[in-house]
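Structure assessment
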Amino acid sequence: MTEPVSYLELNSPDLDRSSAFFSTVFGWELRPFAAPNYLVASSDDPSGIDTGLMPSMDGAPRAVPVIRVASLDDARRRVVEHGGTVVVEPFVIQGVGRGCYFTDPAGLLVGLHEYDPEAR
């Protein structure tokens, strides 16, 4: 796999309950990142991936895989060319990179991330 899932976002309708659950059951150390209500558990294991836990914007629980790509612009173009729909236009996460979200032709929600520590 040349462009793997490198991150997972969990959207919770109840951030407090979910963060308590994952911390207690799996020992996750959730820390705020980029916003007080965007919590990240680092895997600290090369075979695992980091996970973000955040409030669900529409109240629906979901897990969103995030694919790391070499070029967000190229990947976004390929998504659209093959019937996908960009649902959140590209945005910058300072010092981390750029991202966006799309749905595939069947409606699956997926994120894209281009790593760039110089992102502003």
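What to know about the overall build of the protein
Helix and strand content of the protein: 2 helices and 8 strands. If you list the helices and strands of the protein from N to C, you get β-α-β-β-β-β-α-β-β-β. Against the 2.2 N^0.38 benchmark of 14 Å for 120 residues, the protein shows a C-alpha radius of gyration of 15 Å, consistent with a compact globule. Along the longest, intermediate and shortest principal axes, the C-alpha atoms of the protein span 45 × 30 × 30 Å. For the protein, with 120 residues in total, the buried portion stands at 32%. Taking contacts inside the protein between residues at least 6 apart in sequence as the whole, the part at least 24 apart equals 51%.

What to know about helix 2 (residues 72-81)
Taken as a whole, helix 2 has its buried residues at Leu72, Ala75 and Val79. Along helix 2, the residues classed as buried sweep out an arc of 70 degrees about the axis, all on the same side. On its buried face, helix 2 sits against strand 6 (85-93), strand 7 (97-103) and strand 8 (109-115). Gly83, located one to two residues past helix 2, shows a positive phi value of around 95 degrees.

Digging into the pattern of salt bridges
Any two side chains of opposite charge can pair, given that their charged atoms come close. Counted under the stated rule, the structure contains 7 salt bridges. One salt bridge connects Arg98 with Asp73, and the closest N-O pair in it is separated by 3.0 Å. Separated by 25 residues along the polypeptide, Arg98 in strand 7 and Asp73 in helix 2 bring together distant segments of the chain. The class of Arg98 is partly exposed, set by a relative accessible area of 22%. A relative accessible area of 46% means that Asp73 is categorised as partly exposed.

Topic: the sheet that holds strand 1 (residues 5-12)
Pairing within the open sheet is mixed, and its 8 strands lie in the order 2-3-4-1-5-8-7-6. Because the sheet does not close on itself, it has two edges, and the strands there are strand 2 (31-33) and strand 6. Averaged over all pairs of adjacent strands, the angle between strand axes in this sheet comes to 30 degrees, irrespective of strand direction. Bridging between strand 5 (residues 62-68) and strand 8 involves 3 bridges; their strand directions are parallel.

Thoughts on the nonpolar core
In this structure, Val69, Leu72, Ala75, Val79, Cys100, Phe102, Val110 and Leu112 together form the largest nonpolar core, which totals 8 residues. Secondary-structure elements contributing two or more residues to this core are helix 2, strand 7 and strand 8. Not counting residues within four places of it along the chain, the set of residues in contact with Val110 comprises Val64, Pro65, Ile67, Cys100, Tyr101 and Phe102. In this structure, Phe22, Leu30, Leu39 and Leu53 belong to the second largest nonpolar core, which totals 7 residues.

Rules of the game
Every chain is numbered independently, its residues counted from 1 as its sequence is written. The predicted nature of this model means local features are confined to residues of pLDDT at least 70 and side-chain atom pairs, given and counted, to a pLDDT of 80 or more, with totals for whole chains, interfaces and linings taken over all residues. Each side-chain value is derived from all of the structure's non-hydrogen atoms; neither hydrogens nor water enter the calculation. Numbered from the N terminus, helices here are DSSP runs of H or I no shorter than four residues, and strands are runs of E no shorter than two. C-alpha atoms define the radius of gyration in this analysis, and the globule rule sets the expected value at 2.2 Å times the number of residues to the power 0.38. Remark: exposure states derive from per-residue accessible area (1.4 Å probe, protein chains only) relative to the maximum for the residue type, with buried under 20%, exposed over 50%, and partly exposed in between. In this analysis, two residues are considered to be in contact whenever any of their non-hydrogen atoms come within 4.5 Å of each other. What the arc describes is the spread of directions from the helix axis to the C-beta atoms. We count a salt bridge whenever a side-chain nitrogen from Lys or Arg sits within 4 Å of a carboxyl oxygen from Asp or Glu. In this description, strands pair whenever DSSP reports at least two bridges between them. Working convention: axes come from line fits to C-alpha atoms, limited for helices to the stretch in contact. Angles between N-to-C directions cover 0 to 180 degrees. Residues belong to a common nonpolar core when they are buried Ala, Val, Leu, Ile, Met, Phe, Trp, Tyr or Cys residues joined through side-chain atoms within 4.5 Å.

Read these as geometric descriptors, not functional statements.
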